[in-house]
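What follows is each chain in one-letter form.
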Amino acid sequence: MKCKRCTDKAIVQLRSHNAAFCKPCFVFFFQRTVERAIAREHMFARDERVLVAVSGGKDSLALWDVLVDLGYETEGLYLGLGIGAYSSASEQKARAFAEKRGLPLQVVPLDETEDGLGIPAVAAATRRPPCSACGTFKRHHFDRAAFEGGFPVLATGHNLDDEAARLLGNVLHWQVPYLAKQQPVLVPTHPRFARKVRPLFRTSELESATYAFLRGIDYVVEECPNSHGATQLVYKDILNRLEHSMPGSKLAFVIDFLSRGQPLFASAPEADLRECERCGMPATGDLCGYCRLVAEVGRRHAQAVAHS
Ligand code: Q46
Ligand code: ZN
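Remember, predicted model here, so these are calculated numbers, not experimental data. (Residues numbered from 1 in each chain as written. Chains lettered and ligands numbered in written order. Predicted model: local features only at pLDDT ≥ 70, side-chain atom pairs only at ≥ 80, totals over all residues. Heavy atoms only, no water.)

## Describing the site of ligand 1
Worth spelling out the cut-off: Proximity is defined per residue: any heavy atom of the residue falling within 4 Å of a molecule or strand makes that residue near it. Following the grouping adopted for this structure description, the nonpolar residues are Ala, Val, Leu, Ile, Met, Phe, Trp, Tyr, Cys and Pro, the charged ones are Asp, Glu, Lys and Arg, and the polar ones are all others, Gly among them.
As a matter of local geometry, ligand 1 sits amid Leu81, Ile83, Cys131, Cys134, Lys138, Cys224, Asn226 and Ser227. Considering only residue class, the shell around ligand 1 consists of 5 nonpolar, 2 polar and 1 charged.

Here's what the structure looks like:
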């Protein structure tokens, strides 16, 4: 098997691209795919500071590595979710990555913020699935850190597999408002929001794992314990089986949706946003989703004390 670019001995085969690459050419291919995605989708300009949400996993650290290599000014943001050993290990990987490269990293441990609530505590108090609470908390703290740090752009490490699984879920349930917002670039709908971008939306999980390995990135291999049994994994499994029989299906599913399907949904009306009475971040009602959830935890705790 020969490298498609230089004809040296290939070490990676990408059936979805009908190509194989040697180490330097794969690194070049991966970085160029990300660079083109940023340019074609107008994600951000050379002079814009980018806040990169890092989880300690392969995708977000690979993304940060590429952005730094491409010369962008970046800062990492790690959110300590308080999920036991998984959170400790992932924080350590994110910190080690930043320290080794001399990059700025902001660490926000949820249980040390003013509300003092980690994900397990919120999930237990509200009896919600942890991932639902986690999504609300992540969105809030990412938005807030970008706003307070004056970052016009917030980048996350969602890859092609994430995007394809999300699309499959949204189509299966005809989630029109979500389909309207499923784009690699989300333009801010309020001055306190940053532009949210997903520069890895064209690169697969396999490609980011390969990139991380070849670049010597030490990432947390274990998945979050709450991801087991998640619907997303079922979708990913189905898509992987499809990909195995028909290489390139995942990429075509996402790319064709973005070019031909998504514009048909994009006119779904946007909710009017005001500022949350409690935290000041954008909200559809008096309180934002995050503050409503924190208030619910407070109410549940008060009820538990009253009944004890
Ligand atoms: S971190 Fe959070 Fe994920 Fe864990 S609790 Fe669920 S959403 S699975 S990406
Ligand atoms: Zn709020």
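The rest of the description comes next.
## Comments concerning helix H8 (residues 205-214)
Given 3.6 residues to a turn, an α-helix orients residues that are three or four positions apart in the same direction. Formally: To sort residues, take the accessible area from a 1.4 Å probe on protein chains only and compare it with the maximum for the residue type: under 20% means buried, over 50% means exposed, and anything in between is partly exposed. The secondary structure listing takes helices from DSSP runs of H or I that are at least 4 residues long and strands from runs of E that are at least 2 residues long, numbered from the N terminus. Residues are treated as being in contact if the distance between any of their heavy atoms lies within 4.5 Å.
The set of residues buried in H8 consists of Glu207, Ser208, Thr210, Tyr211, Ala212 and Leu214. Packed against the buried residues of H8 are strand S1 (12-14), helix H1 (23-40) and helix H2 (58-69). Among the residues trailing H8, Gly216 stands out with phi positive, at a value near 70 degrees.

## Notes on the pairing of strand S3 (residues 50-54)
Heads up, the condition is: Clockwise travel from the first strand over the helix to the second, with the strands pointing away from the viewer, marks a crossover as right-handed. Strand pairing follows a simple DSSP-based rule, namely that at least 2 bridges must link the two strands.
With 5 of 5 residues buried, S3 lies mostly within the body of the structure. For the handedness criterion, the β-α-β arrangement of S3, H2 and strand S4 (residues 74-80) is classed as right-handed. Sheet analysis places S3 next to strand S6 (residues 153-155), joined by 3 bridges and oriented parallel. What sits directly across from Val52, in S6, is Ala155.

## Observations regarding the coordination of the zinc ion (ligand 2)
We apply this condition: Coordinating donors are taken as N, O and S atoms within 2.8 Å of the metal, stretched to 3.2 Å for Na, K and Ca; because water is absent from the atoms, sites can appear incomplete. Metal sites are grouped by the angles between bound donors: all angles between 85 and 135 degrees with four donors is tetrahedral, opposite donors over 155 degrees apart with the others between 65 and 115 is square planar for four donors and octahedral for six, and any other pattern is irregular.
The protein atoms that coordinate the zinc ion (ligand 2) are Cys276 (SG), Cys279 (SG), Cys288 (SG) and Cys291 (SG), at distances of 2.3 Å. For the zinc ion (ligand 2), the 4 donor atoms in the first shell make angles of 105 to 116 degrees at the metal, so the coordination geometry reads as tetrahedral. Owing to a relative accessible area of 4%, Cys276 belongs among the buried residues under this scheme.

## A few points about the sheet that holds strand S5 (residues 105-109)
The condition that has to hold: Axes here mean lines fitted to C-alpha atoms, for a helix over just the part in contact, with angles spanning 0 to 180 degrees between N-to-C directions.
Across the sheet, which stays open at both edges, the 6 strands sit in the order S5-S4-S3-S6-S8-S7 with mixed pairing between neighbours. Looking at strand neighbours, the two that pair on one side only are S5 and strand S7 (185-186), the edges of this open sheet. Two strands pair when backbone bridges link them, and S4 and S5 are joined in this way by 5 bridges, in the parallel orientation. Each bridged residue has a counterpart across the sheet, and for Tyr78 the counterpart in S5 is Val107. This element, helix H3 (residues 84-101), spans S3, S4 and S5 of the sheet and lies at about 165 degrees to S5. Here helix H5 (residues 130-148) sits on the sheet in contact with S3, S4, S5, S6 and strand S8 (195-197), set at roughly 145 degrees to S4.

## A closer look at unusual backbone geometry
At Asn18, a position not held by glycine, the phi torsion is positive, near 50 degrees. Locating Asn18 in the fold gives a position in the loop between S1 and strand S2 (19-21). According to the relative accessible area criterion, Asn18 is exposed, its value standing at 70%.

## Quick word on the pattern of salt bridges
Using the following cut-off: By definition here, a salt bridge exists when the distance from a side-chain nitrogen of Lys or Arg to a carboxyl oxygen of Asp or Glu is within 4 Å.
What the rule picks out here adds up to 23 salt bridges. Between Lys93 and Asp218 there is a salt bridge, and its shortest N-O distance comes to 3.1 Å. Remark: Asp218 occurs in the loop between H8 and helix H9 (231-245) and Lys93 occurs in helix H3; sequence separation between them is 125 residues. Look at the salt bridges and you will find they share partners, linking Asp65, Asp69, Arg101 and Arg215 into a network.

## Some words on H2
Spelled out, the test is: The span you would expect from a helix comes to 1.5 Å times its residue count less one.
Counted at 1.5 Å a residue, the expected span for H2 with its 12 residues is 16 Å, and the 16 Å between its end C-alpha atoms agrees. Within H2, 10 of the 12 residues are buried, which leaves the element mostly enclosed by the surrounding structure. Listed in full, the buried residues belonging to H2 are Lys58, Asp59, Ser60, Leu61, Ala62, Leu63, Trp64, Asp65, Val66 and Leu67. Directly after H2, the chain includes Gly71, whose backbone phi takes a positive value near 95 degrees.

## Details of the packing of H1 against H2
Heads up, the rule is: Between 65 and 115 degrees an angle is taken as roughly perpendicular, under 35 as roughly parallel, over 145 as roughly antiparallel, and anywhere else as oblique.
H2 packs onto H1 with a crossing angle of 80 degrees between their chain directions and a minimal axis gap of 10 Å. Considering their axes alone, H1 and H2 lie roughly perpendicular with respect to each other. Residues Phe30, Gln31, Val34 and Ile38 of H1 lie in contact with H2, whose contacting residues are Asp65, Val66, Leu67 and Asp69. Residue composition of the contact of H1 with H2, by class: 5 nonpolar, 1 polar and 2 charged.

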